[in-house]
Structures are given as structure tokens and as C-alpha cells.
Amino acid sequence: MRVKTKTLGILTLMVSAAWPIDTLHAAPSPFFSRLLGSITSIQMGENLGPPEVSFTASGANVSVDGLLTLTWQSRYAANCTGEGAWQGAKAVSGSEQITETETGAKRYILRCSGDAGTTESSVEINIIAQDIDAYSGTKVPSYMPAPPTDFELFDNSAGLSIAGGPEGFNHQATESPGAGKFIFIRVHQATRHGLEWGEQFGWFGSWLSSFGVNSIEGGLWQNPKTAGPYYYPTLHVAGVGDAYHACSDVQMGSGLYERIIGDRWLSMLQISNRVLTIPGSNIGFDMEQAPFDDDNGIWAGWGWSYLTFNHPQDFKFWMSFVETQDYQGPINGYVPEYFNWVDPEKISQGSFGETLENYGDNFGSFATKGSQANYGNANEYYVSGTLKLTDDLFYVPLPKFPSVKEREYILAHPQSISQASMDGYSAALRDGSLESALIPTENRAFDNIYQSTHQRLKIIEDKAGEEYRYVVTPDYQVGFDGHLGYVDWNFSNAEQKNLNEQSNGYGYVRRLETKWQVEEGASEEYTNHPHQYNAEIVAAPDDVIRVPRKVHRFFSYKERDTSHPDFENWEIGDRARYHTLLQSGATATYVWYKFIEQPAMLTAAQNHPETYTPEYLESLQSQIESLHKLINTHSTPQPTKPVFINYSGAPMPDDKDPHLAKIDPGQLVKPLPGHEVGFVPVIISVMHPEAVSDNGVGLESAPDVDCTNTTWTDTYYPDL
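Okay, so let's go over this structure. (Residues numbered from 1 in each chain as written. Predicted model: local features only at pLDDT ≥ 70, side-chain atom pairs only at ≥ 80, totals over all residues. Heavy atoms only, no water.)

### Digging into the nonpolar core
No. 1: Counting 141 residues, the largest nonpolar core has Phe 309, Tyr 425, Ile 459, Phe 595, Leu 627 and Phe 644 as its most contacted members.
No. 2: In this structure, Phe 595 is in contact with Leu 269, Gln 270, Ile 271, Met 601, Leu 620, Gln 621, Ile 624, Gly 678, Phe 679 and Val 680, ignoring residues within four places of it in sequence.
No. 3: Among the nonpolar cores identified, the runner-up in size contains 15 residues, and Val 64, Tyr 108, Cys 112 and Ile 125 belong to it. (Core = buried A, V, L, I, M, F, W, Y, C linked by side-chain atoms within 4.5 Å. Buried < 20%, exposed > 50% of the residue type's maximum accessible area, 1.4 Å probe, protein only. Contact = heavy atoms within 4.5 Å.)

What follows is the structure in C-alpha cells.
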């Protein structure tokens, strides 16, 4: 990385080439102004205080053999020394390029001393592998044991698949109509081997619904197509408008299924000014953080609620919230009218009319009425890599749970949010009387484990055109205790414990001759199925290490060519582009926008000018600034008590506060000077390395033919 210098009198300011070139022409920074002032103080003979140090890195992540640039400035310092991951004497101001050859978390310390004492400053950097590990199929933490190198790759056996998944957790119902739900979930590696394009695994997610037209979803989620080869599942926070419409910027348009949308379809808002939202609505977790496997693991609180921002028609602004170690607060949200849009085909075909009739006075969207009662958390399991070894023996992917202790907790504290509490919270935020950021909630206890033949994990085999099902009984037991959900392992003897460890994430399954007993009340498809058998997990038949063959290709989210009229709302103008390396290996490019000038807000004014008038936009901007001030005041690294989502309203495992998970450092950004409130970082591209990108490089030249501005239809109903 080149280092540019700009000389001002007797001072030399070192500027990393990773900085936007615009900053070279900006007004002097506060630090630089203080530095000039210190020279005057020295000349006048004033007493100097302890050294002041500014120490920054070119990024929070850097790839192995990539260049890391450290830049620092100091005043009142006579000498500086590098400690930690770099050593030796350093200039009192300067810049240094470093190439690291080993993966892992590195801490660079700068100690500067002067007549009045010593000041220490540090930066922490993750050095990440460039290549996807051949065994695990993901990027892997540096602290993990070396994976095996002597293994056999296998392809999925013809006519064989896996279906179903782990049990789901049901809980007491949330309020209805309500203002959403929060829950804490344990973050852990949920599959032994990474997934590929076309596979996905939703881990204890929630699906909130409105009264007839919308759903909002989220949870831990593996979908490498867009998120890339993350070690941990990402946190997926996505609002679905009208049943996964093809041109939603949350679904097809997000790149989830490779559909690019014109401006008039934009609806997703960036709300946080500290955390980037990866297209597909994903938040990655730092794979280099301590996993605390022997102490209940690492946890993230998440969920959905709304704020009321004095919308002219009293519509609600729904948004996701998270509680993590390095950020607590809202992430993304939606223009309220998004939830009141209805697919024209449903209107023309009459199904929307049927919905209206069925719901009657109870009909309503998230924007107008709020959320229905929610009862639980469940899973999606779409994974390949199933091998048939003999007529009765199979090697199959199994869900991977933490297994260090006999009881491993995985879910905690389902929380119901009332509309009265959020209306009051919003009003206090607007008038400046809100003293605590904590959102008022009521805990709901778990009360049931959801399981059915349809949902159970099972191998499905096609034999001469007939379907055979082999239902797998796992070696663990899912259970709950009040507000805590857990997995119990059988550690009764060394042999059983070893089998649990071997089969956790992948295992050998033997089909038995006994028929599977279908539960009472099951559908006819299962009650009368002629070929349903029990199956059990067994020990490995040999010493061969088998690994499913995966093709690791990813979908890059490209920057729009704003010369196309359908992409005018993405116009960047004289704003600078900023780049950050994600732990998935992708490079994200983002731009700072004033909240009401981000692309989706321009679309809101374009589609609904009667609502988003200049007067209301200024009012909305003011309220977002109040929200950012609240976040800046309360959100903090390593909080000692709950900030936005409560984990102290009911006991945590062992009555300990959770170890809150860290976010991928590449998704954490620092607002520019003057942008601390009212501005948001909007991702304009996420590019995977070209060698593994499925759609190459370059600009997105035009939207999908079905999602152009001219095909957008205003089926918004203001009377909903």
C-alpha cells in the first residue's frame, strides 16, 4: 500500500492510500488543529500534559500476505515504541506497512512517552485466511485444531436426500396485536462442513406475521450464496412484504436469488450508523473471538419491533434490533408503505379479496396493525451431501450442537413487546425524555418442543420410483426449563460420549426393520405412507474420513451503473467510497448518506410524494438524529448490563450474564467527523474474490426485466 505525504510547514501528515482521496482536501481535523496549537504552546513555554496519541489501522481485517497500514500521530511525545504484534522504536508520528503471514487476532500497541508521562494506544486486527479450508468448507478461526488432510471427497448418492431438522421450541404467545419479539440465541458452528450454492440452514428462527399480508423473519442462517463462507452462521434479519415477491429488495433484489431491482422497488432502510448490513440482510460474527465453550458459549440478542416517527398516516417503522458485545441497537428497517403493498396478481386473481374477507376487521399490515401472536422458534434444513455405503448404512449431515458439557443451552428469553410500550418509548425519544435505551418487554416461558413426522430429520431414498423414509433418532435430547432452551447429551459412558462427538454434525445412520410410528393427528401423507422406518446413529464402519464435495461459488452484489435511469437513486455524487474486508473474504464498498438521502428514502419520496413531503422528511431526519444520539450515548463495547434487549429479566444459564458475541470487525464502521448522527453507511457492493464469484466483476448495467421502474405497480392502499 502506498503512503502519500502532505507537507504543511515543519509538519508532515501521513495519509494511507486506503483513505478516500476526498479527505486530502477536507478541513484540518480536530487532532491536526490541536497539533498546530501545541507548537504555539511549545514556543510560548507552557507546561505540556501527558502525550496524546492517535493510532489507526487501514482496516479491522486483513488477509494473510496482504498489506496492513498503521498510521499514528502524537503530541507532547519525545519517543514512541511498538509493542505487542510489532516491536521496536517508532517515530513520534508516522505510518508503517506490515505483512502478516499467519492467521489470528493481532494486537498492535503504541506507547509514547514525554516529560509528563506515557500514553498507550492499541488496535486489534484479524488476519484471515485467503483460501477456503478444504475440509471445513469455510474460513476457520486460527485457534481451531488443524483439520485432517487425509480425507476422501464424496458426491451425493443418486436418489438420496436428507429432510427435516432439529426440534423447534414453542413458548407462551407474544402479545397480539403486538410490537414484535426479542430472543437470545447461542452463536456456534451449526454444520460440520460449509454449505454451497443452493443450500441453506436456518437455525432457530422466528417468523412474525401481521394480520393477513406480511411476515418478518430472522435467526442464525447459513446461506453462502450471498453471505460467503463464514465460519459461524450469520444473523439474518429480513422483512418480507407480500409473500416473497420477486422484486422485493429483501428477497430477489437483495441478490439472494440474483434478481436486480429498479429504484422504485427499493424499501429496505439502513438505520444503524455503526454496523453495515450485508445484502441478504445478514450480520456476520467474528470468528476470532473467544468461544467460551466451557462457559455457556457466546450469545446474541435479536428481534423485531417498531418506532413511531410521526408518520402522516400513523404507520409504524419496523426495524431489527441486536444486542452484541460491540453494538446494541437497531440495524435495518423498512419504509412503512412497503408492508402495505400488495401483489397485483393477487388482486386480479381474487386471492387478496379472499384474505380481506377471511380477516374482516382483523386485517392489517405491520405498518397499520402490528404483529400477530408468535409461539416459537423453528429450523430450516436444506443440505446435500448424503452417501449410501450399503443397503442399510448411510453417511448423512446432522445438525451440529455445542457438546462440551452434558447440558448445552442454545436459546433464552423469548420476549413479548407491547404496542403501548413502544408508542411510549417513541414519544419519549422524540421529546428528549427517554433516559434508558432498554426496550420494555415481558418474558415468555418455553412450554413445548415442536416435533412431527413431517419435521423430523429423515433420510429419503428413491427405490425404483417409490419413496422410502428412514427417520433418525438423535443421541441428544432437546428440552427447556422456564425461559431457557437446551440440548442434553448422553455422557453415560466413554463409548457413548465418543459416538456423540463423532456424529455431531455428520454421522453414520443405519436403517432398521421396525416401522416408524406416526404421531396421532398426522396428515394422511404420513399416516398412510407404506415405507417409513426407524433409523439409528451408529459408530463409523471404518477409519476413512469422508467429506462431502462442495463447489464454493458466491454471488457478488455489484455497484449499479447510475447512468441507467432506473438506478438514479443510487447516485453517489461527490461522496467518497469506503472499503472494508469482511471475514468471508469479500470486500464491501459503502457510502455515507444523510438518512433521508439514502436510496430507499429517495424511493419513498418518489413513490409516495403526498406523504414524504420536504416538511415530513426534515421531521423524520430530526427523529433519526435523536435515535442516533440515543445509540451513541448507550451502545458501548462490552456492556456490563443490558442496553436495548434485556437478558436480566429472567435467569441466564448458571445465573451468569451471557458472553455477548462480537460482530465481524469488517462490518463495524466509525462515522466520519460530523456524521455521528443522522448519517448512515449504505453498502453499494459486496464483491467476492473473482476466482470464486459466480457473476464476475463490473457494474450492474440494468435491472431485471420484471423489476424495472416501469413494471413497478402502486398497489399501496392508504386505507389499510
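The discussion continues.
### As for empty space enclosed by the protein
No. 1: On inspection of all chains with the given rule, the structure shows 11 cavities of 30 Å³ or more.
No. 2: Roughly 300 Å³ of internal volume is contained in the largest cavity.
No. 3: At the level of secondary structure, the elements contributing two or more residues to the lining of the largest cavity comprise β18 (268-270), α8 (599-607) and β39 (679-687). (1 Å grid on protein atoms, 1.4 Å probe; cavity = no way out; pocket = protein on both sides within 12 Å on 5 of 7 lines; lining within 4 Å. Points joined across faces, edges and corners; volume = space filled by probe spheres on them. Helix = DSSP H or I, 4+ residues; strand = E, 2+ residues; numbered from the N terminus.)

### Concerning the pattern of salt bridges
No. 1: Tallying each qualifying case throughout the model produces 21 salt bridges.
No. 2: Between Glu 199 and Lys 550 there is a salt bridge whose closest N-O contact spans 2.8 Å. Placement of Glu 199 in the loop between β14 (181-187) and β15 (200-209) and of Lys 550 in the loop between β35 (546-548) and β36 (577-581) is noted, with a sequence separation of 351 residues between them.
No. 3: The shortest N-O distance in the salt bridge between Glu 559 and Arg 577 comes to 2.6 Å. Pair noted here: Glu 559 is in the loop between β35 and β36 and Arg 577 is in strand β36, with a separation of 18 residues, a long-range link. (Salt bridge = Lys/Arg side-chain N within 4 Å of Asp/Glu carboxyl O.)

### What about α8?
No. 1: Listed in full, the buried residues belonging to α8 are Pro 599, Ala 600, Met 601, Thr 603, Ala 604 and Asn 607.
No. 2: Contacts from the buried residues of α8 go to β18, β37 (587-594), α9 (614-634) and β39.

### Some remarks on the layout of surface pockets
No. 1: Empty space within the second largest pocket amounts to approximately 1,300 Å³.
No. 2: Met 144, Arg 192, Lys 400, Glu 501 and Asn 504 are the residues nearest the centre of the second largest pocket, which is lined by 46 residues in total.
No. 3: At the level of secondary structure, the elements contributing two or more residues to the lining of the second largest pocket comprise β14, α6 (494-503) and β33 (506-515).
No. 4: The element that contributes the greatest number of residues to the lining of the second largest pocket is α6, accounting for seven residues.

### Some words on the sheet that holds strand β8 (residues 94-99)
No. 1: The strand order β3-β5-β8 describes an open sheet built from three strands, whose pairing is antiparallel. The sheet terminates laterally at β3 (52-57) and β8, the two strands that pair on one side only. In this sheet, adjacent strand axes meet at a mean angle of 20° when their direction is disregarded.
No. 2: One ladder, built from six bridges, connects β3 with strand β5 (residues 67-75); its direction is antiparallel. What sits directly across from Glu 52, in β5, is Arg 75. (Pairing = 2+ DSSP bridges. Axes fitted to C-alpha atoms, helices over the stretch in contact; angles between N-to-C directions.)

### Topic: α6
No. 1: Of all the residues in α6, the buried ones are Gln 496, Leu 499, Asn 500 and Ser 503. Considered in projection along α6, the buried side chains sweep an arc of 100° and stay on one side of the axis. Away from its buried face by more than 90 degrees, α6 exposes Ala 494 and Glu 501.
No. 2: Of the surrounding secondary structure, the elements contacted by the buried residues of α6 are β32 (484-489), β33 and β34 (532-538).
No. 3: The backbone nitrogen of Glu 495 lies 3.1 Å from a side-chain oxygen of the residue at the head of α6, namely Asn 493.
No. 4: Two residues or fewer past α6, Gly 505 is found with a positive phi of approximately 110°. (Arc of directions from axis to C-beta. Polar contact = N/O pair within 3.5 Å; in protein donor to acceptor, adjacent residues only side chain to side chain.)

### A few points about the state of the cysteines
No. 1: In this structure the tally under the stated criterion is two disulfides.
No. 2: Covalently, Cys 80 is tied to Cys 112 through a disulfide, its sulfur atoms 2.1 Å apart. On the sign convention where negative is left-handed, the bridge of Cys 80 and Cys 112, at about 110° about the S-S bond, is right-handed. Of this pair, Cys 80 sits in strand β6 (residues 79-84) while Cys 112 sits in strand β9 (residues 104-114); the two residues are 32 residues apart in sequence, bridging distant segments of the chain. The same class applies to Cys 80 as to Cys 112, namely buried.
No. 3: A disulfide bridge connects Cys 247 with Cys 707, and the sulfur atoms are separated by 2.0 Å. Taking the sign of the S-S torsion, -80° for the link of Cys 247 and Cys 707, the bridge is left-handed. Linking Cys 247 in the loop between β17 (234-240) and β18 with Cys 707 in the segment after β39, this pair joins segments that are 460 residues apart in sequence. Taken individually, Cys 247 and Cys 707 each receive the classification buried, so the pair is uniform in this respect. (Disulfide = S-S within 2.5 Å.)

### Some details on the side chain of Lys 316
No. 1: Turning to its location among the elements, Lys 316 is positioned in the loop between β20 (298-307) and β21 (317-323).
No. 2: For the buried Lys 316, which has no salt bridge, the nearest side chain bearing the opposite charge is Asp 423, at an N-O separation of 5.4 Å.
No. 3: Discounting chain neighbours no more than four positions away, the residues touching Lys 316 are Tyr 306, Leu 307, Pro 336, Phe 366, Ala 367, Thr 368, Lys 369, Gly 370 and Gln 419. (Lys, Arg positive; Asp, Glu negative; His and termini not counted.)

### A few points about the packing of helix α5 (residues 419-431) against α9
No. 1: Remark: α5 packs on α9, axes separated minimally by 9 Å, with the N-to-C direction vectors making an angle of 95°. Considering their axes alone, α5 and α9 lie roughly perpendicular with respect to each other. Residue-level inspection shows Tyr 425, Leu 429 and Arg 430 of α5 in contact with α9, the latter providing Gln 623, Ser 626, Leu 627 and Leu 630.
No. 2: When the residues that make up the contact of α5 with α9 are grouped by side-chain class, the tally is four nonpolar, two polar and one charged. (Parallel < 35°, antiparallel > 145°, perpendicular 65-115°, else oblique. Nonpolar A, V, L, I, M, F, W, Y, C, P; charged D, E, K, R; others polar.)

### Side note on the pairing of β14
No. 1: With seven of its seven residues buried, β14 lies for the most part within the structure.
No. 2: In this sheet, strand β26 (residues 407-416) lies alongside β14 in antiparallel orientation, the contact comprising four bridges. Bridged to Phe 184 within β26 is Ala 412.

### Thoughts on the pairing of β34
No. 1: Within β34, six of the seven residues are buried, leaving the element largely enclosed by the surrounding structure.
No. 2: Sheet topology places β33 next to β34; five bridges connect them, and they run antiparallel. Its bridge partner being in β34, Arg 511 is matched across the sheet by Ala 535.

### Remarks on the environment of Tyr 359
No. 1: On the secondary structure map, Tyr 359 appears in helix α4 (residues 351-359).
No. 2: Residue Tyr 359 is classed as partly exposed on the basis of its relative accessible area, which comes to 30%.
No. 3: Residues Tyr 359 and Phe 211, spaced 148 residues apart in sequence, show a C-alpha to C-alpha distance of 7.3 Å.
No. 4: Beyond its immediate stretch of four places on either side in the chain, Tyr 359 contacts Phe 211, Gly 212 and Gln 372.

### Notes on the packing of aromatic side chains
No. 1: Across all of its chains, the model carries 38 aromatic pairs by this definition.
No. 2: Ring centres of Phe 352 and Phe 363 lie 5.8 Å apart, and the angle between their planes is 75°; on these two criteria the pair is classed as edge-to-face. In this pair, Phe 352 is assigned in helix α4 and Phe 363 in the loop between α4 and β23 (376-382), connecting sequence segments 11 residues apart.
No. 3: Its relative accessible area of 9% is what places Phe 352 among the buried residues.
No. 4: Residue class for Phe 363 comes out buried when judged on its relative accessible area of 9%.
No. 5: Among the aromatic side chains, those forming a connected cluster through ring pairs are Phe 169, Phe 201, Trp 203, Phe 204, Tyr 381, Phe 401, Phe 446, Tyr 476 and Trp 489. (Phe/Tyr/Trp six-rings, centres within 6.5 Å; stacked < 30°, edge-to-face > 60°.)

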